[in-house]
Amino acid sequence: MSLQIGREWSHDWPLPAVALALLVTLVALRAVVPPEEHGRVRAGIFFIGAYLASLFLVASFFPVPATGPASPHIQTLRILYRLLFCFAAILTTGLIVFDLVLARRNIPRILRDLSQGIAYLITGFLVLTRAEVDVTKIFTASVLTTAVIGLALQETLGNIAAGLALQMERDFDVGDWIQIDSKLEGRIRDVRWRVTTLVTKNGDLILVPNGLVARGVLTNYSRPTRAHRQWIYLRMHFRHPPAQVREVVLGAVRSVPGIRSDPAPDCLLWEFKDDAVTYAVRYWIDDYQRDDPMDAEVRSLIWYALHRAGMEIPFPSRNIHVTEMTEDRAQRKLDEDYARRVDALSRVDVFRALDAEKIDRLARRLRLALFGPGEVILRQGDQGDSLYVIRSGEVAVRLAVNGAQRDVATLSTGQFFGEMSLMTGESRTATIVARTDVQCYVVAKEAFQEILEAKPELAATISEILSERQVELGASTEMARPPTRQENQQLLSRIAAFFGIKTRD
């Protein structure tokens, strides 16, 4: 028996030795190739095992005769197990070339399968030709068989041909976001022989026949670059000047994280409607998957910015909003709002020097501003000339320390900030960020200008109050002490210069 096996192995040498080397290589490749290629490794091991088993069986039951040619049956078996060896060698070579040498090139699976299929055909042709098999008969039979199969499976074969064409053109790749015929949209998961698989934003899997992809109008949101422009439309009242609308809207859009500064966002006056002016707000993002959340964030901040600017988003003309507003009801609402304004001003120690008449005048000049959660109200280092009194909500006081932002305090309803900017015009000393929805009364320089011009001597009293407040705020780092006369005088001079009034020394 051993003599017969040795004779068969020597007759087929060096293929048995190469087969053992391929078997060791395939076992080693299983540890380094991606998990999705383990099926190819198992197929290669199966072919090698089948080749060695066939070699053993032929040697055992159909030994090579000592003299004379082998029988036709033995020749046929040898052709079969040599084909098994060749298939195993092609699989091993493909794993080494595509999964090790060209792993970073991201070769399409269809091209890989096609190249290996061609290698199978060429190898089979060479093996059969060397064994003196009449290949023309096989070719004739295969042509007839292919014609029959082609007629029966023409749609499937068309999808396969379309898949090859798509891979050759390289108009898209795995991971790209595409839309087909303005109906199907998703990220490409794989391009197979028959279908292209997409994963939608909802996490659903769509299998699209390659023929449909090839015939359809395809939009690739990931080419030529990942940058994609979003459009949202905004309706505004006719009374608002377009330049002011664009300024407010673009200021809000630029503050949204994730929006590209290059290309910069823009706002176009798009259309005049019967009841409103339509604007198109356009901005660029890098992650198409987040287009809906980005649109929502942009719309939210635009709403807050427009509300603060006193700009109206009108109701459609077909909607009729009726409210019965009697004289008593209107007066009651005005009285309630006025009382809230006076109460807010009474909490600000800077205004302790004002009498009831001046508090009344200032209360009527307050402006209500709304801010959304996470929105920056004031930024450290920016110029300013207004004071904010919190009507409702909560804000964080944030300081830049050694290049990092750190929250140092929290202010809530009834508290205020920005008094030094109102009185002296100095830069903001801290960044104020809304933690919740925040409503603030804003005291502008123009409103306070009239009061100081009418009674300049108030500046001295206010300078003393401000000096005391600055000392109190710094008491955590210094010994508490009353402000000096020189400090009061310096602050008074800054107030007088800022408001352009004359004071007595």
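What counts, and at which threshold
Residues numbered from 1 in each chain as written. Predicted model: local features only at pLDDT ≥ 70, side-chain atom pairs only at ≥ 80, totals over all residues. Heavy atoms only, no water. Helix = DSSP H or I, 4+ residues; strand = E, 2+ residues; numbered from the N terminus. Contact = heavy atoms within 4.5 Å. Polar contact = N/O pair within 3.5 Å; in protein donor to acceptor, adjacent residues only side chain to side chain. pLDDT = per-residue confidence, 0-100. Expected span 1.5 Å × (residues − 1). Buried < 20%, exposed > 50% of the residue type's maximum accessible area, 1.4 Å probe, protein only. Phe/Tyr/Trp six-rings, centres within 6.5 Å; stacked < 30°, edge-to-face > 60°. Lys NZ or Arg CZ within 6 Å of the ring centre and 35° of its normal. Pairing = 2+ DSSP bridges.

## Thoughts on the environment of aspartate 291
So, point 1. Mapped onto the elements, aspartate 291 comes out in helix H10 (residues 291-308).
So, point 2. For aspartate 291 and glutamine 230, which are 61 residues apart along the polypeptide, the C-alpha to C-alpha distance reads 7.3 Å.
So, point 3. Once residues within four sequence positions are removed from consideration, aspartate 291 is found in contact with Lys201, Gln230 and Ile285.
So, point 4. Among the polar contacts made by the side chain of aspartate 291, one reaches the side chain of lysine 201 at a distance of 2.7 Å.

## Regarding the confidence of the model for the chain
So, point 1. In the predicted model, the chain carries a mean pLDDT of 80, and the fraction of residues at 70 or more is 80%.
So, point 2. Looking across the chain, the model is least confident in helix H6 (residues 135-152), with a mean pLDDT of 52, and most confident in strand S8 (residues 277-285), with 96.
So, point 3. Note on residues 475-479: pLDDT is under 50 here. Beyond four places in sequence and across chains, it has one contact.

## Here's the deal with helix H9 (residues 242-254)
So, point 1. In this model H9 runs 18 Å from its N-terminal to its C-terminal C-alpha over 13 residues, within 8% of the 18 Å that 1.5 Å per residue would give.
So, point 2. If you check which residues of H9 are buried, you get Val245, Val248, Val249, Leu250, Ala252 and Val253.
So, point 3. Residues of H9 that are buried in the fold lie against strand S6 (228-236), strand S7 (266-272), S8 and H10.

## Some details on the packing of aromatic side chains
So, point 1. For the structure on display, the rule yields 14 aromatic pairs.
So, point 2. Pairwise contacts between aromatic rings join Phe351, Phe448, Phe498 and Phe499 into one cluster.
So, point 3. A cation over a ring is seen here: lysine 445 above phenylalanine 499, with NZ or CZ 5.9 Å from the ring centre.

## Focus: the sheet that holds strand S16 (residues 438-444)
So, point 1. The antiparallel open sheet is built from four strands, whose spatial order is S9-S16-S11-S14. Of all strands in the sheet, those bounded by a partner on one side alone are strand S9 (367-371) and strand S14 (416-417).
So, point 2. With six bridges joining them, strand S11 (residues 386-392) and S16 adopt antiparallel strand pairing. When the bridges of S16 are listed, serine 392 appears paired with glutamine 439.

## Let's talk about the environment of tyrosine 338
So, point 1. Residue placement: tyrosine 338 occurs in helix H11 (residues 327-346).
So, point 2. Judged by relative accessible area, which is 28%, tyrosine 338 ranks as partly exposed.
So, point 3. Sequence separation between tyrosine 338 and leucine 366 is 28 residues, and the spatial gap between their C-alpha atoms is 9.9 Å.
So, point 4. When near neighbours in sequence (up to four residues on either side) are disregarded, tyrosine 338 contacts Asp360, Ala363 and Arg364.

## A word on the side chain of threonine 278
So, point 1. By the element assignment, threonine 278 lies in strand S8.
So, point 2. When sequence neighbours within four positions are dropped, the list of residues in contact with threonine 278 reads Tyr233, Leu234, Arg235, Leu268, Leu269, Trp270, Glu271 and Lys273.

## Details of the pairing of S8
So, point 1. Taking burial as the measure, the nine residues of S8 include eight buried ones, the bulk of the element.
So, point 2. The sheet contact formed by S6 and S8 spans nine bridges and is antiparallel. The residue bridging methionine 236 from the neighbouring strand is valine 277, located in S8.
So, point 3. Direction of pairing for S7 relative to S8: antiparallel, over a ladder of six bridges. Counterpart to aspartate 266 in the pairing with S8 is arginine 282.
So, point 4. Here S7 hands over to S8 after four residues, the two strands then running antiparallel side by side.

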